[in-house]
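# An overview of the molecular structure
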Amino acid sequence: MHISWDMTPVRLSARLSPETRAMISRLRTALIYAVLGLGALVMVAPFLWMFTTSFRPVAEAFTLPPRWLPGLNSSLESYRRLLASDVPIGRFFWNSTVLATTVTLGYVATTTIAGYAFARLRFPFKNALFALLLVSLMVPIQTTLVPLFLLMRWLGLVDSQWSIILPGLTGAFAPGMSGVFGIFLMRQFFLTLPKELFEAARVDNAGHFRTFWSIAVPLAGPHIAALSVIIFTMTWNDYFMPLIFLNSVDQMVLPVGIMSIRDPVGNSSATSEVIAAVSLSILPVLLVFVVAQRWIIDSFVRAGVKG
Amino acid sequence: MTKTANNAAAGWFSPQNRKETVAGLLFIAPALIGFAVFVAGPMVATVVFSLMKYDLFSSPSFVGLANFEAMLDDRRLWKVLGNTAFFAVFAVAGNVGLGVVLAVLLNRNMSKTVQYAYRAAFFFPSLVGLIFVAVIWQFLFQRDIGVINYYLGLVGIEPVRWLSSARNALWSVIILDIWKNVGFAMLIATAGLQSISKDYYDAARVDGSSSLRTFWQITVPLLSPTILFLLTMNTIGAFKVFESIIVLTNGGPGDASRSLVMYIYEQGFKSFDMGYASAISLLLLTITVIVTAIQFALSKRWAFYE
C-alpha cells in the first residue's frame, strides 16, 4: 500500500485533542534531543577513549571493556615512556610549532595586503589578475606535486622547513588551502568598509601603506584572527606536504613523526606511546577550540557561502 | 598601440594616479609572484612532464603521449579510480545528507548553551588532523581488541574485519570520513538555513504542513545553493582522499582501498616514474575541473535562488 507521508500527519493530528498534540510534540522533541545526544556521543567518544587510554597503565591500556573515564589508577606511564624513548617528540612538537606559526604569519600578511589592494586600490589589469588567481582554487596541490618537488630540489630546499614555508610566505598556498582563499576572504571584507573612511585618510595625505596599516588592518582584526586560526590548524594538521618534503628525523613534524613511530597494531607498549603522542598532538587544537569555541563556530556560520 | 590604450596607460601612471598604481602592484606582487612560481609554473610543468619519461636520476626524455596510452592499459589505475569514485559517492552523500539533517535539527528553538554544545561536539573532529584521528580509529576498528567490535559483540554481532577484508576496507574509510567531516557540512548548512526567511516557515505552519513536508518542500529547495556548494566542495575533497587510507589500510588488502592520490604518490615517489605520475595528476585535475563546471552549469538551472 502506498502511504503518502505529506498527507497523513496533518489529518491525523487534526483529529487529536490539543493536549494529546502537545504531548506528541514534546515526545518528538525529546526523541530529537536523544538522537542528537547519541550522535554527539559518537563524535566525542574516540577522543575520550584516546585520552583515558593514554592515562592507563601500559599493561592494561587496551583491555576490554573500554573504560571511558580515567580512574584512580591513572598513570603517566605512557607519556613517561614516550619522553624517555628515542623518539624526539619534543623536536617534532617544536618543528610543528615553528612551521605552523611561520606559514600562518606569512600567508595572512601576504593575502591580507593583496586582498586590500584588490578591494580598494585601482591599478591596471586588476580584474584580470584576480580572475587568474581564482584559477588556483581549482588546482589540487597533488596535481603540481612532481614539479613542485623538482623545483624545491633545484632550490636545495628538500628536507628544509623552507620548502613548505616559502609557498605559504608568498601566499601561493598554505597546506590544504589555496592562496586565493585568503585573498578572497579579505577582499570581501574590505569591500564592505565605507569609502568615507579612506577618503579621510587621503585628505590627511596618508600614504597607501599607512592607510592600510592604520585604518584597514585594525578594523579587519576579527577576520585576520579567524583566517589565522584556520591556516595554523591546517598547517599543524597537514601530513601530505611534510611527507614529500621533510624526510629526516630532525625536520619531521608531528603527523609524519607519529607515522614513523607507529607499529602495526599489537598489544605492544609502543602502541600506547603512539596514543600518548597523538593526545599531545591534538592538545593545541583542543585548547584553541575550548577557548574560542563560540567565536570559531559563529565565524564559520556567518562566513557561510554567500560571504 | 591605439590611442585609447595609450591614454589609459598614461592615466595609470599620470602624476595623480601613479602612487595608487604603484602601491596596488606592490601590494599584490608577493601573492602574484608566489602564484607564478608555486602554482602556475608547476601547473604548466605538469603538462610538460606528462609527455616525458623521467626517473629523477637520468635526464628526462620526450615520449609524446605514451604515458596517456599506458594509462588506458593500466588496470590498477582503473581499480584505483573506481575505489576513489566509490568513496566519493558515499562519503559525499553521507556528509552532505547528514550535515543538512543535523543543521535542520539543531536550528530549532533550544537553549543556546545546549545548541552550542551539540554544534561544538559535531564540529570539533573537522579541526583535528586526519592523521591523528585516523590513528585513533585504527585502534577502534581492530578486530579483536577494537572498541567497535566489543560493543557490536554485546548485541550479538560477530567480530567484523573492518580493515583487513576487501569488502569492508573502503567502508571503514568512508565511516571515518563522515565522522570527521559531517560537522563542517553541518555548519555551512546552518549558515545557509539562517539566510532563509522565517516567513516561509510561518506560512507552512499556518497551512498545517508536517515537518517532513516542510523539510522537502521549503528547506531543501531554498537551501539548494548551499547544498550544491557542499556537494561540489566535498566531491573535489573526496577525490583527494589519502591520509585516512594510508593509516587505516595502506591501500589494502591488495588494492581494495587504494586511492588515486595514493597511486600518484606511489608512481612518483616510490617507483620514481615522474612522467606517469604527472599524467595521472592531469586526470585528477580534469575530474576537479569537470565537477566545478557541473556546479556552474547546475547552479544556473536547478539551484533555487530567492
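In this report, the structure presented in the accompanying data block is examined. (Residues numbered from 1 in each chain as written. Chains lettered and ligands numbered in written order. Predicted model: local features only at pLDDT ≥ 70, side-chain atom pairs only at ≥ 80, totals over all residues. Heavy atoms only, no water.)

## Some details on the overall build of chain A
- Looking only at helices and strands, one finds 14 helices and two strands in chain A.
- Expressed as a percentage of the 307 residues in chain A, the buried residues total 48%.
- Contacts in chain A between residues at least 24 apart in sequence constitute 70% of all its contacts with a sequence separation of at least 6.
- Split by element, the accessible area of chain A, about 15,000 Å² in all, is 67% carbon and sulfur. (Helix = DSSP H or I, 4+ residues; strand = E, 2+ residues; numbered from the N terminus. Buried < 20%, exposed > 50% of the residue type's maximum accessible area, 1.4 Å probe, protein only. Contact = heavy atoms within 4.5 Å. Areas by Shrake-Rupley, 256 points an atom, 1.4 Å probe, with all protein chains shown as cover.)

## Notes on the packing of aromatic side chains
- Per the counting criterion, the structure on display carries 37 aromatic pairs over all chains.
- Their ring planes at 35° and their centres at 5.2 Å tell us that A:Phe55 and A:Tyr79 sit as a pair that is tilted. Of the two residues, A:Phe55 sits in the loop between α2 (18–54) and α3 (77–84) while A:Tyr79 sits in helix α3, which places them 24 residues apart along the sequence.
- Pairing A:Phe212 with B:Phe27 gives two aromatic rings, centres 6.0 Å apart and planes at 50°, and the pair type is tilted. Of this pair, A:Phe212 sits in helix α10 (residues 208–219) while B:Phe27 is found in helix α2 (residues 15–49), placing the two residues in two different chains.
- A network of ring pairs unites the aromatic residues A:Phe47, A:Phe289, B:Phe123, B:Phe124, B:Trp137, B:Phe141, B:Trp162 and B:Trp179 as a single cluster.
- Stacked on the ring of A:Phe130, the Lys or Arg A:Arg187 has its end atom at 4.4 Å from the ring centre. (Phe/Tyr/Trp six-rings, centres within 6.5 Å; stacked < 30°, edge-to-face > 60°. Lys NZ or Arg CZ within 6 Å of the ring centre and 35° of its normal.)

## What about the interface of chain B and chain A?
- At the junction of the two partners, chain B supplies 96 residues and chain A supplies 97 residues.
- At the boundary of chain B with chain A, total buried surface from both sides reaches about 8,900 Å², with 79% on carbon and sulfur atoms.
- Per-residue buried area on chain B facing chain A is highest for B:Phe27, B:Phe38 and B:Phe132; these three make up 10% of the total on that side.
- The interface formed by chain B and chain A contains one salt bridge.
- The salt bridge involving B:Glu20 is made with A:Arg122; its shortest N-O contact spans 3.2 Å.
- A per-class count over the side of chain B that touches chain A returns 65 nonpolar, 22 polar and nine charged. (Buried area = accessible area lost by both parts, 1.4 Å probe. Salt bridge = Lys/Arg side-chain N within 4 Å of Asp/Glu carboxyl O. Nonpolar A, V, L, I, M, F, W, Y, C, P; charged D, E, K, R; others polar.)

## Here's the deal with the pattern of salt bridges
- Counted by the stated rule, this structure contains nine salt bridges over all chains.
- For the salt bridge of A:Arg81 with A:Glu273, the shortest nitrogen-to-oxygen distance reads 3.7 Å. With A:Arg81 in helix α3 and A:Glu273 in helix α14 (residues 269–303), this pair connects stretches of sequence that are 192 residues apart.
- According to the relative accessible area criterion, A:Arg81 is partly exposed, its value standing at 32%.
- Across the salt bridge formed by B:Lys53 and B:Asp273, the nearest N and O atoms sit 3.8 Å from each other. Residue B:Lys53 is found in strand β1 (residues 52–53), and its partner B:Asp273 is found in the loop between α13 (260–269) and α14 (274–301); the two are separated by 220 residues along the sequence.
- With a relative accessible area of 46%, B:Lys53 lands in the partly exposed category.
- Taking the relative accessible area as the measure of exposure, B:Asp273 reaches 17% and is therefore buried.

## Some words on the environment of A:Ile296
- The residue A:Ile296 is located in helix α14 in this model.
- Taking the relative accessible area as the measure of exposure, A:Ile296 reaches 4% and is therefore buried.
- Ignoring any residue separated from it by four or fewer positions in sequence, one finds A:Ile296 in contact with A:Val229, A:Val288, A:Phe289 and B:Phe123.

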